[in-house]
Structures are given as C-alpha cells and as structure tokens.
Amino acid sequence: MGITARGVGLLVAAVVLLGVGFRYAYPELTVLGAAAGVAVAYALVTAAWRPRLTVERVADPDRVARGEPAAMVLTVRNTGRLRAANLLAEDRCGGRLVPVPVLRLRPGRDTEVRYPVPTRRRGVVPVGPLRVTRRDPLGLVALARSYGGVVPVWVHPRIHPLSAVPTGAGRSLDGRVDSVPHGSITFDSLREYVVGDELRRVHWRTSARVGELMVRENVDTSLPRLVVVLDNRAAAHPDRDGGVAESFESGCEAAASVVAAAIREDLPVSLLLVAPASEELAGAVGPLDRLAAAELADGGEDVLRAALTRLRQDRLGDTLVFLTGPGARGDLGHVGALRGAYPSVVVGMFGAPGPTAPGVAGLVVVDAADGAGFAAEWDGIRRW
C-alpha cells in the first residue's frame, strides 16, 4: 500500500491544521484538519478493498524459433459482486509493460487482450503476472496487487537444415572399426542354448568343440550416436555486441541444427553444456528448450577439463560435436585428446578472426561466422 504525493501532502496538512487549531483554539482549522484526516482514512479503506479477478493466459504458440511470431492471449474476468471501479492494470512481458483495459470492468464480465511477445532474441520470455493498481477517487492512495502466475514463452535458436548425418562406427571383436551408414546387427558373444532360442542362431562349430549347444548373441553396435557439446563458458565467448555474445548465439543455432537433423533421422543424440547450468527451468522439455534457456556461465580451463573427463569416461557416442568461440582456441588440444574415446570429433569455431588450426591430427575444425555458415560447412565434411 502506498500513499501518493497528494495523499502525503493532505496528511501533513491535516496534522498541521489539527495542531494549530487545538493549540490556538481555532475551531475552523480543527474542522479542516479533521476533514483532511477523514479523507485520507477513507482513501485507505477504499484502496484496501481487493477486487476479485481471475486471470487466464494462453501463449500462441508457447514455443517458437527465433524471429517467428508469437502472441499472448490474456483474459481477465471480474468474479466479484461489486463493480471494480478505478482499476489500472498492466501485464509484464519480458522487460516491458503492456496496458490491460480493466477500468470499469463490470461483475461477471471479462476483457481479452492479445499482444505480441518479443522473439528477436533467443531465450525464455517470462510473461506475467498481471499487476492491478487500485486508487481511491481522490488519488490519495494507490495499492498494487499481482494476479495470475508467470507463463514462459520458449524462443528456440534458429534451425538450419543439414542434409548429411554421420555414419556409425561398427566395432568387431578383433578391434577393427568400420564405418556403417545406418547401423547393422553385429556378432557380440556366445552363450549356452536355452529353450526357446532359434536354432538358426546356434553356432555349430563351437557347439561341436565344447560338447553343448552354443548360440550367437547379436547387438546393434554401429548405430550412429551423436554427442553435441556446447561451450557455454563466458571465457570462450569474450566478444560482446550490445551485451550479447554473437558467437555463443551462433553456437546455439548450430547445436539446434545438429540435434534436429539427428532427431529427423531417428539417431540417438545427447546435448551437454560444458559449464553446468545454475538451475533447470520448470517446464523445459527436450534439448531445444535447454538451448533456449542456456546462458553463459563462469568457468575456465578447469571447468572444461572436468567436462571432457566426464565425456571420456562415459563414451556417450561415436561422433562428438564441440561448439565453442574464439576464446577457446587454446583449448583445442584438450578436445582433440578425446579422439581415443570418440572415433569422430568435429569442432565448430564461431567468431574467430581467422582460420583455426586443428591442433591435433584427426580433429576436424569448422570455422563459421554463424549457424548458417556452420550448416553449409557441415554438409561439406567428406567423412560423412
């Protein structure tokens, strides 16, 4: 509850008039002071009344790519019995305020407002809550309350089409690694026959040697598996334009493009961040939502080494795609050391002033100005 400047002035005048009137026995001044005090008290009681409003929000749509149109539909309904007069309302949409017409909203009536949500930048745009301000008729007191919750609008990075996808790495028991386009069934081991096994899987030569039936175990070890690692360290993206690291935005677009291409081809894909996120936003679904919420975080070479150590131990896939900025040029040697765990390692370098040396044999480095440039270079990599 806040008293306006007019209310403060009237309250001070009431105190002065009452004091002077009683001190010098001026009944006229006392009456004026009492009237001013009553006016302030009436304003407080009037503004303290809480209007009964319900707020509904519908994002149309709630997930868009950067630059695509999105809108918020807000419906405010007066569920009270008395008329909610002298109400001013505004909705918060990201960093701006949107006026909502609820003045003189009659009981049982509602009002609907549709306004655009800014999608010029990647991110999660919080919309809400509705802020309703009630004033007394004299403008002495203003009381603001919040109605409804916050609805996020997820602005995903742009997705650039990729026509090529990596091949798998089929590993045989003798250690040989072959490139397999879309996965295949590979012999893995032998085990004893159990009732229900198909006879065509019996390995007769081994069965004759050991004196009991042995069957083949086959697994699909050659399905291409992608691991996309986005370097979200602030040190890797030192250049800023209006507070925005364009190299990081390009990395987000490249990550979204690779993930979308893998999903389109029904390939397993994982998305990881070098620096762990401070918190997971409620409602995030899938890698594109994670990319929308991704932010730069503090961390140096020690954070990168810890992330690469986890990648080396877990061996999450066959193709590692590491996306970073010009500040990480000196760290490519650490990335190249993953060649023993990942047969194919591709580095996407964004915002570099010149060509980047691979640094390690077998490491493919793609220099690109933005996500579209990375997509063009990606389709040109011969190893696919």
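Throughout what follows, the structure given in this document is the object of discussion.

1. Notes on the overall build of the protein chain
- When you go through the protein chain residue by residue, the secondary structure sums to eight helices and 19 strands.
- Across the 384 residues in the protein chain, those meeting the buried criterion constitute 41%.
- The contacts of the protein chain with a sequence gap of at least 6 include a subset with a gap of at least 24, amounting to 69%.
- Split by element, the accessible area of the protein chain, about 19,800 Å² in all, is 55% carbon and sulfur.

2. Some remarks on the packing of helix α4 (residues 246–264) against helix α8 (residues 371–379)
- One can describe the packing of α4 onto α8 by two numbers: an axis separation of 8 Å at closest approach and a directional angle of 45°. Considering the angle they form, α4 stands oblique to α8. For the crossing formed where α4 meets α8, the hand is right-handed. Judged by residue contacts, S250, E253, A254 and V258 of α4 engage G371, F374 and W378 from α8.
- For the contact of α4 with α8, the class distribution of residues is four nonpolar, two polar and one charged.

3. Focus: the sheet that holds strand β4 (residues 71–78)
- One open sheet holds the three strands; their spatial order is β2-β4-β7, and the pairing between them is antiparallel. Among the strands making up the open sheet, the edge pair consists of β2 (53–60) and β7 (110–116). Across this sheet, the average inter-strand angle for adjacent strands is 15°, counted without regard to direction.
- Note: β2 against β4, eight bridges, orientation antiparallel. Looking across to β4, one finds that V58 is bridged to V73.

4. Side note on a nonpolar patch on the surface
- A surface patch of nonpolar side chains, amounting to about 790 Å² of accessible area, comprises I3, V8, L11, V12, V15, V16, V20, Y24 and Y26.
- The element contributing the most residues to the nonpolar patch is helix α1 (residues 5–24), with seven residues.
- Mapping Y26 onto the fold places it in the loop between α1 and α2 (27–48).

5. Details of the side chain of T30
- Within the secondary structure, T30 is located in helix α2.
- Relative accessible area serves as the criterion here: at 16%, T30 is assigned to the buried category.
- When sequence neighbours within four positions are dropped, the list of residues in contact with T30 reads L17, L18, G21 and F22.

6. So, the pattern of salt bridges
- Tallied over the full model, the rule gives 16 salt bridges.
- Ionic pairing is found between R191 and D197, a salt bridge with its closest N-O pair at 2.9 Å.
- Residues R233 and D331 are paired through a salt bridge, measuring 3.2 Å at the closest nitrogen-oxygen approach. Pair noted here: R233 is in the loop between β15 (226–230) and α4 and D331 is in the loop between β17 (319–324) and α7 (332–336), with a separation of 98 residues, a long-range link.
- Each of D62, R63 and D289 takes part in a single network of salt bridges with overlapping partners.

7. Looking at α1
- In this model α1 runs 28 Å from its N-terminal to its C-terminal C-alpha over 20 residues, within 8% of the 28 Å that 1.5 Å per residue would give.
- Buried residues belonging to α1 abut β1 (2–3) and α2.
- Phi turns positive, to about 60°, at A25, one or two residues after α1.

Reading the values: the criteria
Residues numbered from 1 in each chain as written. Predicted model: local features only at pLDDT ≥ 70, side-chain atom pairs only at ≥ 80, totals over all residues. Heavy atoms only, no water. Helix = DSSP H or I, 4+ residues; strand = E, 2+ residues; numbered from the N terminus. Buried < 20%, exposed > 50% of the residue type's maximum accessible area, 1.4 Å probe, protein only. Contact = heavy atoms within 4.5 Å. Areas by Shrake-Rupley, 256 points an atom, 1.4 Å probe, with all protein chains shown as cover. Axes fitted to C-alpha atoms, helices over the stretch in contact; angles between N-to-C directions. Parallel < 35°, antiparallel > 145°, perpendicular 65-115°, else oblique. Left-handed = near helix turned anticlockwise from the far one by under 90°. Nonpolar A, V, L, I, M, F, W, Y, C, P; charged D, E, K, R; others polar. Pairing = 2+ DSSP bridges. Patch = residues over 30% accessible without salt bridge, like charges linked within 9 Å, V, L, I, M, F, W, Y side chains within 5 Å. Salt bridge = Lys/Arg side-chain N within 4 Å of Asp/Glu carboxyl O. Expected span 1.5 Å × (residues − 1).

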